[in-house]
Amino acid sequence: MMSNACRTLQAVLLLVGIAGAVPAAAQVPRPPMGGPGDVILNPPTTRGMQDFVGSWRLTWQDPGNPDCPCRGSLFIDVDDNADGTSLAGRWKMKGGDAVLHGSLSYQAKVWSGSFAQADDGLGYPMKGHFRLESRDPRTLTGSYQRDGTAIGLSWTAIRE
């Protein structure tokens, strides 16, 4: 059997060990605050928007259309109804124009959002999401995906 003195000593040593561990754990450094790689997170500038605004010759994939790659036009402008970082576009194609609305990324290199084409008269309006990335002042690349599908389709735009 253990004496009361031994138990008391054991309890004291246990408490000292626990108390000594708390300051050591509190000294573990936390991750740094802010964005990854010290990237400054500012809203897009009008300079970045200019990489998108304008008229574009658009080429896209459409597996349901045997005439593809399909060709049309894309017109992009600043969305006056938005917060200053959004763009609006018109994608001209057979069956009517699709309207695009979306926001620019913080680095103003990616425009993403949603699109919708009015009902084509057969009861099949087209809706979905898109992404376009500015490769240089004359080239956009990206993808679009129709709602209800699992596969994104590529598209490319060259400034007119």
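Structure shown above.
What counts as what
- Residues numbered from 1 in each chain as written.
- Predicted model: local features only at pLDDT ≥ 70, side-chain atom pairs only at ≥ 80, totals over all residues.
- Heavy atoms only, no water.
- Helix = DSSP H or I, 4+ residues; strand = E, 2+ residues; numbered from the N terminus.
- Contact = heavy atoms within 4.5 Å.
- Buried < 20%, exposed > 50% of the residue type's maximum accessible area, 1.4 Å probe, protein only.
- Pairing = 2+ DSSP bridges.
- Phe/Tyr/Trp six-rings, centres within 6.5 Å; stacked < 30°, edge-to-face > 60°.
- Salt bridge = Lys/Arg side-chain N within 4 Å of Asp/Glu carboxyl O.

## A look at the side chain of D51
No. 1: For D51, the location among the structural elements is in the loop between α2 (46-49) and β1 (54-60).
No. 2: Here D51 is in contact with W56, K109, S134, P137, L140 and R159, once residues within four sequence places are set aside.

## Quick word on the pairing of strand β3 (residues 86-92)
No. 1: Counted residue by residue, β3 has five buried out of seven residues, so it is predominantly covered.
No. 2: The sheet contact formed by strand β2 (residues 70-78) and β3 spans six bridges and is antiparallel. Bridged to V78 within β3 is L87.
No. 3: Pairing between β3 and strand β4 (residues 98-104): six bridges, direction antiparallel. Paired with S86 across the two strands is S103, which belongs to β4.

## Here we look at the packing of aromatic side chains
No. 1: A full pass over the atoms with the stated rule returns eight aromatic pairs.
No. 2: Ring geometry for Y144 against W155: centres 5.2 Å apart, planes inclined by 45 degrees, an arrangement best described as tilted. Here W155 lies in strand β8 (residues 153-159) and Y144 lies in strand β7 (residues 139-146), a separation of 11 residues in the sequence. The same class applies to Y144 and to W155, which are both buried.
No. 3: Cluster of aromatic residues (ring-pair linked, three or more members): W60, W91, W111, F115, F130, Y144 and W155.

## Focus on the pairing of strand β6 (residues 126-136)
No. 1: Examined bridge by bridge, strand β5 (residues 110-117) and β6 share eight bridges and lie antiparallel to one another. Bridge pairing in β6 links W111 to L132.
No. 2: Relative to β7, β6 is paired through eight bridges, and the arrangement is antiparallel. Across the sheet, R131 pairs through a bridge with S143, a residue of β7.
No. 3: From the end of β6 to the start of β7, which pair antiparallel, there are two residues.

## A closer look at the pattern of salt bridges
Side chains that carry opposite charge are capable of pairing whenever their charged atoms lie near each other.
No. 1: If you walk through the whole model with that rule in mind, you get six salt bridges.
No. 2: A salt bridge links K109 to D51, with the shortest nitrogen-to-oxygen separation between them at 3.6 Å. Of this pair, K109 sits in the loop between β4 and β5 while D51 sits in the loop between α2 and β1, placing them 58 residues apart in sequence.
No. 3: Assessed through its relative accessible area of 39%, K109 is described here as partly exposed.
No. 4: What makes D51 buried here is its relative accessible area of 16%.
No. 5: One salt bridge in this structure joins E133 and R131, with 3.2 Å as the shortest N-O distance.
No. 6: Its relative accessible area of 38% is what places R131 among the partly exposed residues.
No. 7: Residues joined in a network through salt bridges with shared partners are R90, K92 and D97.

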